[in-house]
Amino acid sequence: MSLLHSPANDALWKDEFSVFSADERYVSRRQFSKFLTLASLGMFAGNLWILLKSYFQKPPAFAPATVAQLGEIPVGGVKLFAYPEPQDRCILIRTGEGEYRAYSQKCTHLSCAVYYEREGGRLACPCHNGYFSVQDGSVLQGPPPRPLRRIALEARGDKLIATGLEGA
Amino acid sequence: MNGSGGPEQKRGLLAIDGAMALIIVLLLVQVWLLSATLESFLAGHASVVLPAAIFSGLIFLCCVALNLFVVRLDRDSRRG
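Quantities reported herein were computed from a predicted structural model and do not represent experimental measurements.

**Some details on the overall build of chain B**
And step 1. Secondary structure summary: chain B contains two helices and zero strands in total.
And step 2. Out of the 80 residues belonging to chain B, those deemed buried represent 35%.
And step 3. A separation of at least 24 residues holds for 73% of the contacts in chain B among residues at least 6 apart in sequence.
And step 4. Only carbon and sulfur atoms are counted for the fraction: they give 74% of the accessible area of chain B, which is about 4400 Å².

**A closer look at the side chain of serine 33 of chain A**
And step 1. Here serine 33 of chain A is to be found in helix α2 (residues 21–56).
And step 2. Its relative accessible area of 0% is what places serine 33 of chain A among the buried residues.
And step 3. Engagement of the side chain of serine 33 of chain A in a polar contact is seen with the side chain of asparagine 67 of chain B, the distance being 2.6 Å.
And step 4. The residues touching serine 33 of chain A, leaving out its near neighbours within four places in the chain, are Met20, Ile23, Asn67 and Val70 of chain B.

**Quick word on the state of the cysteines**
Cysteine pairs can be linked by a disulfide, which is a covalent bond between their two sulfur atoms.
Residues and elements named next belong to chain A.
And step 1. In the structure shown here, the tally under the stated rule is one disulfide over all chains.
And step 2. Paired through a disulfide, cysteine 112 and cysteine 127 show a sulfur-sulfur distance of 2.0 Å. The sign of the S-S torsion, about -100 degrees, decides the handedness of the disulfide formed by cysteine 112 and cysteine 127: left-handed. With cysteine 112 in the loop between β4 (99–104) and β5 (115–117) and cysteine 127 in the loop between β6 (122–125) and β7 (130–133), this pair connects stretches of sequence that are 15 residues apart.

**Focus on the sheet that holds strand β9 (residues 151–156) of chain A**
Residues and elements named next belong to chain A.
And step 1. Within the open sheet, the three strands sit side by side as β1-β10-β9. Their pairing is antiparallel. Pairing within the sheet leaves two strands with one partner each, and these edge strands are β1 (65–69) and β9. Taken over all neighbouring pairs, the strand axes of this sheet differ in orientation by 35 degrees on average, direction set aside.
And step 2. Two elements, β1 and strand β10 (residues 159–165), share four bridges in a ladder whose sense is antiparallel. Along β10, the bridge assignment pairs alanine 65 with alanine 162.

**Describing the packing of aromatic side chains**
We describe a pair of aromatic rings using the distance from one ring centre to the other and the angle between the two ring planes.
And step 1. For the coordinates displayed, the defined rule picks out three aromatic pairs over all chains.
And step 2. Taken together, a centroid distance of 5.9 Å and an interplanar angle of 15 degrees make the contact between phenylalanine 44 of chain A and phenylalanine 60 of chain B stacked. With phenylalanine 44 of chain A in helix α2 and phenylalanine 60 of chain B in helix α2 (residues 49–79), this pair bridges two chains. Across this residue pair, the class does not change: phenylalanine 44 of chain A and phenylalanine 60 of chain B are buried.
And step 3. Between the NZ or CZ atom of arginine 122 of chain A and the centre of the ring of tyrosine 131 of chain A, over which it lies, the distance is 3.7 Å.

**Digging into the side chain of serine 54 of chain A**
And step 1. Relative to the helices and strands, serine 54 of chain A resides in helix α2.
And step 2. Residue class for serine 54 of chain A comes out buried when judged on its relative accessible area of 19%.
And step 3. A polar contact of 2.8 Å, which involves the side chain of serine 54 of chain A, links it to the backbone oxygen of leucine 51 of chain A.
And step 4. Setting aside residues up to four positions removed in sequence, serine 54 of chain A forms contacts with Phe41 and Val49 of chain B.

Criteria and cut-off values
- Residues numbered from 1 in each chain as written.
- Chains lettered and ligands numbered in written order.
- Predicted model: local features only at pLDDT ≥ 70, side-chain atom pairs only at ≥ 80, totals over all residues.
- Heavy atoms only, no water.
- Helix = DSSP H or I, 4+ residues; strand = E, 2+ residues; numbered from the N terminus.
- Buried < 20%, exposed > 50% of the residue type's maximum accessible area, 1.4 Å probe, protein only.
- Contact = heavy atoms within 4.5 Å.
- Areas by Shrake-Rupley, 256 points an atom, 1.4 Å probe, with all protein chains shown as cover.
- Polar contact = N/O pair within 3.5 Å; in protein donor to acceptor, adjacent residues only side chain to side chain.
- Disulfide = S-S within 2.5 Å.
- Pairing = 2+ DSSP bridges.
- Axes fitted to C-alpha atoms, helices over the stretch in contact; angles between N-to-C directions.
- Phe/Tyr/Trp six-rings, centres within 6.5 Å; stacked < 30°, edge-to-face > 60°.
- Lys NZ or Arg CZ within 6 Å of the ring centre and 35° of its normal.

In structure tokens:
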């Protein structure tokens, strides 16, 4: 029983370029299905690439750098510094006696510089009203998709040293 | 030109359309999965990367199976 009009022993080109419009519909659907499957393979390859990247990526090592003297800034005060590179602006906040937090100043939404809003006790991005927790840098409100990158701090003597990026 | 076809041919076309619609849905899930995985990876959450890759692979296998189904159905329809 033949549903279409191409006999089995026809040449391949007749199969692909049929004179019947119904056959044409079949061919285009088949090609489209093949294209979609190849696109699916591409998505899978993308996931594999991320997987390989996560396995073979070494955590970057950053040289320690002095950020401030202990007691240099008052409680609730801030100091701007650059770490690990001169163009990477960061913000140091003294949240209490002997308590310091430091974050990258770059908002995770569109990279505007965040500032410390003392009244609300949070970090604010003025561009799109994004807010971050001063305790852990997590997103409190607004469009930022990720927490602020936190700078690891260490007190050595009377100096506050930045030792790396947390989560890097 | 014959553009209408019989009821069996229409059923075949319907089955192929259904399979392709399913492939499209699976592909959309894969696109979302890739973007979400990349987002998580860049945010430093590497734990989601392996399950996402496995799931994406399973979706790809489903797409291959559906594609084979479409090809087989098409061949069967043509050969009678």
